[in-house]
Amino acid sequence: EVQLVESGGGLVQPGRSLRLACRTSGFIFGTYAMSWFRQAPGKGLEWVGFVRSTVYGGTTEYAASVKGRFSISRDESESIAYLEMSGLKTDDTGVYYCSRGQDPATGIWSDAFDIWGQGTMVTVSS
Amino acid sequence: DIQMTQSPSSLSASVGDRVTITCQASQDIRSDLGWFQQKPGKAPKRLIFAASSLQSGVPSRFSGSGSGTEFTLTISSLQPEDFATYYCLQHHFFPWAFGQGTTVEIK
């Protein structure tokens with residue numbers, strides 16, 4: 001069964017750091033890109049960032065709101081995608097989701113965003 | 001950056017009604033658009049990919065159309081389980097962007 005499970009959320013003070021993990025199973029992790037999204041309480045969905053598969057260099061893209069503060073990485077041996085968040089602000093509060101993606105260079109989107117984790121809550125507050 | 005204008009922001013409909021939700025992109029995004037359904041406290045669920053392809057397992061009453069800048073999600077006959085919030089997502093240009101969402105409520 002294809003599955004994504006996020007972890008690492010919690011309560012953190014403004015300015016501090018937190019690392020979220022997205023553990024994957026049921027598919028060949030190395031051949032897929034991964035995306036992170038978030039949703040502030042009572043608000044809509046927001047794209048956070050993206051990491052290409054190792055086949056396409058594992059390079060990353062970020063939303064302007066998190067660029068320079070958030071970083072996405074991959075652990076190919078454990079099939080985990082990480083979202084490292086630093087300099088956290090109260091506006092970063094929300095549920096964070098990971099989703100399976102596909103490399104844009106392929107032009108194929110049939111497997112992109114088809115699988116999502118259950119989400120992990122991040123609360124930034126003093 | 002691409003702006004996605006989704007309308008309406010909410011609608012009230014009855015079981016059996018035909019419902020249409022639209023997304024307009026500020027630039028040509030080809031067919032790089034997906035539609036998602038989200039219920040309270042749950043992760044989004046993909047309904048449509050590549051603007052018009054139905055996700056496996058999704059009922060055929062859902063359909064997507066459009067390309068370029070104008071896109072539509074149609075529910076041909078609304079069912080009780082379809083009351084939810086729907087989002088479009090463009091993934092042609094970074095930064096990717098969602099529409100503002102459409103909440104479908106029971107009339």
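See the structure printed just above.
This structure is a prediction, so every number in the text was calculated from the model and none was measured.

(A) View of the interface of chain B and chain A. In this assembly, 16 residues from chain B lie in contact with 21 residues from chain A. Taking both partners together, chain B and chain A bury about 1700 Å²; carbon and sulfur atoms supply 72% of that area. For the interface between chain B and chain A, the tally reads 7 residue pairs in polar contact (both at pLDDT 80 or more). Looking at the side of chain B that touches chain A, its residues break down into 10 nonpolar, 3 polar and 3 charged.

(B) Quick look at unusual backbone geometry. Residue and element names in this part refer to chain B. Cis geometry marks the peptide bond from Ser 7 to Pro 8; its omega dihedral reads -5 degrees. Position of Pro 8 among the secondary structure elements: in the loop between strand 1 (4-7) and strand 2 (10-13). For the bond running from Phe 94 to Pro 95, omega is -5 degrees, close enough to zero to count as cis. Topologically, Pro 95 is positioned in the loop between strand 9 (85-90) and strand 10 (97-98). Backbone geometry at Arg 30 places phi at a positive 55 degrees, although glycine is not the residue there. Summarising the element assignment, Arg 30 is placed in the loop between strand 3 (19-25) and strand 4 (33-38). Judged by its relative accessible area of 56%, Arg 30 is exposed.

(C) Broad picture of the pattern of salt bridges. All names here are of chain A. This structure, assessed with the given rule, holds 8 salt bridges over all chains. Here Arg 38 makes a salt bridge to Glu 46, at a shortest N to O gap of 2.8 Å. Taking relative accessible area as the criterion, Arg 38 reaches 6% and is therefore assigned buried. With a shortest N-O distance of 2.7 Å, Asp 92 and Arg 69 are connected by a salt bridge. Separated by 23 residues along the polypeptide, Asp 92 in the loop between strand 8 (80-85) and strand 9 (94-101) and Arg 69 in the loop between strand 6 (60-62) and strand 7 (70-75) bring together distant segments of the chain. Several salt bridges share partner residues, and in doing so they unite Arg 38, Glu 46, Arg 69 and Asp 92 into one network.

Reading the values: the criteria
Numbers given to residues run from 1 along each chain, matching the order in which its sequence is written. Think of it this way: whatever chain is written first is A, whatever ligand is written first is 1, and the rest follow in order. A pLDDT threshold of at least 70 governs which residues receive local features in this predicted model, and a stricter bar of 80 or more applies before side-chain atom pairs are shown or counted, although totals over entire chains, interfaces and linings include all residues. Only hydrogens and water are set aside; all other atoms, that is, all heavy atoms of the structure, feed into the side-chain values. By definition in these notes, contact holds between two residues if any of their heavy atoms fall within 4.5 Å. Each of two parts loses accessible area, computed with a 1.4 Å probe, when they are put together; buried area is these two losses added. Residues adjacent in sequence count toward polar contacts only when both atoms are side-chain atoms; beyond that, a polar contact is any pair of N or O atoms within 3.5 Å, and within protein one must be able to donate a hydrogen and the other to accept it. Only Asp, Glu, Lys and Arg are considered charged in this grouping, and only Ala, Val, Leu, Ile, Met, Phe, Trp, Tyr, Cys and Pro are considered nonpolar; every other residue, Gly among them, is considered polar. Helix and strand definitions here come from DSSP, where helices need a minimum of 4 consecutive H or I residues and strands a minimum of 2 consecutive E residues; each element is numbered from the N-terminal end. Exposed residues in this analysis have more than 50% of their type's maximum accessible area, buried residues have under 20%, and partly exposed residues fall in between, with area computed by a 1.4 Å probe over protein chains only. When a carboxyl oxygen of Asp or Glu lies within 4 Å of a side-chain nitrogen of Lys or Arg, that pair is called a salt bridge.

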